[in-house]
Amino acid sequence: MKFLTKLLNLFIFLYNKLKIPLDKVSYFYDFFSLFFPRICYSCGNTLFRHEEVLCGYCLHQLPKTNFWGEEDNPVCRIFWGRVNINHASSLYYFAKGGKVQHLMHQLKYKGKKEIGVYTGKLFGDYLKKSVFYSDVDVIIPVPLHPKRKRKRGYNQSEMFARGLAEAFAKPYDIHTLVRTYASETQTKKSRFRRWENVKEIFALKDHQHMINKHILLVDDVVTTGATLEACATMLLQIPGIKISVATLACATH
Ligand SMILES: [Zn+2]
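This one's a predicted model, so the numbers in the text were calculated from it and none came from an experiment. (Residues numbered from 1 in each chain as written. Predicted model: local features only at pLDDT ≥ 70, side-chain atom pairs only at ≥ 80, totals over all residues. Heavy atoms only, no water.)

Here we take up the pairing of strand β5 (residues 214–222). Of all nine residues making up β5, eight are buried, and the element is well covered by its neighbours. Sheet analysis places strand β2 (residues 138–141) next to β5, joined by four bridges and oriented parallel. Considered in β5, the bridge of Ile-140 is made with Leu-217. Across eight bridges, the pairing between β5 and strand β6 (residues 242–250) is parallel. From the neighbouring strand, Val-221 faces β6, where its bridge partner is Ala-249. Crossover β5 to β6 through helix α10 (residues 226–235) is right-handed. (Buried < 20%, exposed > 50% of the residue type's maximum accessible area, 1.4 Å probe, protein only. Helix = DSSP H or I, 4+ residues; strand = E, 2+ residues; numbered from the N terminus. Pairing = 2+ DSSP bridges. Right-handed = clockwise from strand over helix to strand, strands pointing away.)

Okay, structure coming up:
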């Protein structure tokens, strides 16, 4: 390890002091890849120099929903009759044991924040070209309770929001909607009981700057929609607001 550090310093020195052309530096990059390979978070294969987070194969193979171009889609339908949502869509289909689950597990539990930012950017590039999302003003992630955020080090939905905000060239906001209780929704409860459980866990802070805005509410995954419904219901108290929903994955049947 000490040897490698010395070698790395030597390369940095060569690059900085001797102004070695970039194509030569790429040889160093390839050399270092032997020791510190960057891998695809989905399949584990080594990434090429121009790739990040996902390899070209996975980028192509992961099951995209294309819901963002459909007026009526299974994610929109989750919210029908429950809360007034402008449009809703997900980037990928979630399947148990599949690549998307693996990816989301690493984003949520293995500290791989870059997965959220990267997929957010990817999704944002699709969304901003859709008529349903082209006028989005601000991105709001489903908040994590501060205690839980401290424990995990970050909010995975916030990472996703960050990538989306970058693609839209719009801000993301983590101060308007906050989580007041740490309790998670329990999947074994009935839909009504779950709703009872989540409706009191979010609160609205100062929101003058949100009046008449089109908010893109985002989360890592949508299943029953109870959490997103609770967030949207809270946000709908803001005058003139329009809400759309975007999640990294959906587990709809
Ligand atoms: Zn891959």
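Having seen the structure, we can now continue with the description.
This next bit is on the pattern of salt bridges. All told, the structure shown has six salt bridges when counted by the stated rule. Between Asp-72 and Arg-77 there is a salt bridge, with the nearest N and O atoms lying 2.8 Å from each other. Take Asp-72: its relative accessible area is 38%, and that puts it in the partly exposed class. With a shortest N-O distance of 2.9 Å, Lys-149 and Glu-158 are connected by a salt bridge. On the basis of relative accessible area, Glu-158 is assigned to the buried category, the value being 7%. (Salt bridge = Lys/Arg side-chain N within 4 Å of Asp/Glu carboxyl O.)

Each donor-metal-donor angle would ideally measure 109.5 degrees in four-coordinate tetrahedral geometry, or 90 or 180 degrees in six-coordinate octahedral geometry. At this site the zinc ion is bound by Cys-40 (SG), Cys-43 (SG), Cys-55 (SG) and Cys-58 (SG), with donor distances of 2.3 Å. Here the zinc ion binds four donor atoms, and the angle range of 106 to 116° at the metal identifies the geometry as tetrahedral. Donor residues for the zinc ion sit on one chain with the sequence pattern C-x2-C-x11-C-x2-C. Take Cys-43: its relative accessible area is 31%, and that puts it in the partly exposed class. (Donors = N, O, S within 2.8 Å, 3.2 Å for Na, K, Ca; no water. Tetrahedral: all angles 85-135°; square planar, octahedral: opposite > 155°, others 65-115°.)

Right, let's get into the packing of aromatic side chains. In the structure shown here, the tally under the stated rule is four aromatic pairs. Judged by centre distance (5.6 Å) and plane angle (80°), the ring pair of Phe-67 and Tyr-93 falls under edge-to-face. Here the residue Phe-67 occupies a position in the loop between α3 (56–61) and α4 (74–79), and Tyr-93 occupies one in strand β1 (residues 87–93), the gap between them amounting to 26 residues. Given the relative accessible area of 3%, Phe-67 is considered buried. (Phe/Tyr/Trp six-rings, centres within 6.5 Å; stacked < 30°, edge-to-face > 60°.)

Right, let's talk about the environment of Ile-115 for a bit. With respect to the element layout, Ile-115 can be found in helix α6 (residues 113–127). Remark: the alpha-carbon pair of Ile-115 and Tyr-41, spanning 74 residues in sequence, is separated by 7.8 Å. Excluding its chain neighbours within four sequence positions, the residues that come into contact with Ile-115 are Tyr-41, Val-53, Leu-103, Gln-106 and Leu-107. (Contact = heavy atoms within 4.5 Å.)

Looking now at the nonpolar core. Of all hydrophobic cores here, the largest spans 34 residues; its most connected members are Leu-54, Leu-127, Ile-139, Leu-164 and Leu-216. Those elements that place two or more of their residues in this core are β1, α5 (99–109), α6, α8 (156–168), β5 and β6. Contacts of Leu-164, omitting those with residues within four sequence positions, involve Gly-120, Lys-121, Phe-123, Gly-124, Leu-127, Ile-139, Leu-216 and Val-218. Residues Ile-201, Phe-202, Leu-217 and Leu-228 belong to the second largest nonpolar core, which totals 30 residues. (Core = buried A, V, L, I, M, F, W, Y, C linked by side-chain atoms within 4.5 Å.)

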